[in-house]
Amino acid sequence: MPNYDFECQDCHETFEVRATIKEMEEGKISCVKCKSKNIKRIFNGFGFSTGKSSSLTSSSSSSCSSCSSRSCSTCG
Ligand SMILES: [Zn+2]
């Protein structure tokens, strides 16, 4: 029986529940804190991208002022 992560939409408590798909579909899961059924499933580990990974390369070109190359002996 797998664990599922939920976030309560009422008190924003995040909690982990061990339940079956059937139990979730039947609405038997409730918030551990306020007992609300207004909860949202949280998907961890996949489907989430970090977003800003490609935009870092353009700003990292810190060339030295004395030469046009980005990697000379004086630049380090
Ligand atoms: Zn709650």
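In what follows, the structure referred to is the one given above.
Throughout what follows, the structure given in this document is the object of discussion. (Residues numbered from 1 in each chain as written. Predicted model: local features only at pLDDT ≥ 70, side-chain atom pairs only at ≥ 80, totals over all residues.)

1. Description of the sheet that holds strand β1 (residues 3-8)
Spatially, 3 strands are ordered β2-β1-β3 in an open sheet, and the strand pairing comes out antiparallel. In this open sheet, the two edge strands, each paired with only one partner strand, are β2 (14-18) and β3 (39-42). Averaged over all adjacent pairs, the angle separating strand axes in this sheet is 40°, with direction ignored. (Pairing = 2+ DSSP bridges. Helix = DSSP H or I, 4+ residues; strand = E, 2+ residues; numbered from the N terminus. Axes fitted to C-alpha atoms, helices over the stretch in contact; angles between N-to-C directions.)

2. A short note on the nonpolar core
Judged by nonpolar contacts, Y4, F6, C8, C31 and I39 together constitute the single largest core of 5 residues. No other element matches β1, which puts 3 residues into this core. The contacts of C31, once residues within four sequence positions are left out, are C8, D10, C11, E13, S36 and I39. (Core = buried A, V, L, I, M, F, W, Y, C linked by C-beta atoms within 7 Å. Buried ≥ 20, exposed ≤ 12 C-beta atoms within 10 Å, placed from the backbone. Contact = placed C-beta atoms within 7 Å.)

3. Re the environment of N38
Tracing the backbone shows N38 in the loop between α1 (21-25) and β3. The exposure class assigned to N38 is exposed, which follows from the 11 C-beta atoms found within 10 Å. Each C-alpha atom of the pair N38 and Q9 lies 5.6 Å from the other, and the pair is 29 residues apart in sequence. Ignoring any residue separated from it by four or fewer positions in sequence, one finds N38 in contact with C8, Q9 and D10.

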